[in-house]
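Structure at a glance
So the chains spell out like this:
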Amino acid sequence: MDAFEAVIGELRPRLARAFSAAYGLDRGQEALAEALAWAWEHADELLAMDNPGGYLYRVGQSRSRPRRGRPETFPSPIRLGIPAVEPGLPAALGALSERQRVCVALVVVQEWTHQEVADLLAIGRSSVQAHVDRGLEKLRAALGVTEHAEP
């Protein structure tokens, strides 16, 4: 069980950030709980996987499908430890596609590498870059930012 606990210890905070970025706090926590429950039930199977984080992300994603009438809520910037934030940012983030939001949040805010995000989402590094670029472009347009520094 030590190997399993080490893998979960490494993956849990990363999955928590990814799910919160993708789905907001409530559904993000639900997705994390579903993924971890599956992991505990299938520990041996999980340890044999090449990409356990990516698999658990898919488990959480599929087992926490949105329910009608339950809007996704995204964490406030202050709660994330980002005190000085443009007031329109949460709504602008909510308007991004799920992939764009996850890629922007993990690459730009959490400073994950493109490869780490690609592994988690089971997509190519170039796809991560495209989602980041498109997401940042949409955020700049939504917030009226015309000049920017490259991330």
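Before reading further, recall that the structure is shown in the block above.
Described below are features of the structure shown in this document. In this text the structure is predicted, and so the values were computed from the model without any measurement.

Along its length, the chain carries 8 helices and 0 strands. Across the 151 residues in the chain, those meeting the buried criterion constitute 37%. A separation threshold of at least 6 residues defines the contact pool for the chain, and within that pool the share at least 24 residues apart is 70%. Carbon and sulfur atoms make up 51% of the accessible area of the chain, which totals about 8,700 Å².

This paragraph deals with helix α6 (residues 98-109). Residues that lie three or four places apart on an α-helix share one face, since the helix turns once every 3.6 residues. Taking 1.5 Å per residue, 12 residues should reach 16 Å; α6 reaches 15 Å between its end C-alpha atoms and fits that length. When α6 is considered as a whole, its buried residues turn out to be Gln100, Arg101, Val102, Cys103, Val104, Ala105, Leu106 and Val107. In this structure, the buried side of α6 is in contact with α1 (2-23), α4 (52-63), α5 (89-94), α7 (114-121) and α8 (125-143). Of the residues one or two after α6, Glu111 is the one with positive phi, at around 60°.

Right, let's talk about the environment of Arg101 for a bit. By the element assignment, Arg101 lies in helix α6. Between the C-alpha atoms of Arg101 and Gly135, which are 34 residues apart in sequence, the distance is 6.7 Å.

Rules used in this analysis
Residues numbered from 1 in each chain as written. Predicted model: local features only at pLDDT ≥ 70, side-chain atom pairs only at ≥ 80, totals over all residues. Heavy atoms only, no water. Helix = DSSP H or I, 4+ residues; strand = E, 2+ residues; numbered from the N terminus. Buried < 20%, exposed > 50% of the residue type's maximum accessible area, 1.4 Å probe, protein only. Contact = heavy atoms within 4.5 Å. Areas by Shrake-Rupley, 256 points an atom, 1.4 Å probe, with all protein chains shown as cover. Expected span 1.5 Å × (residues − 1).

By themselves, these figures tell us nothing about what the structure is for.
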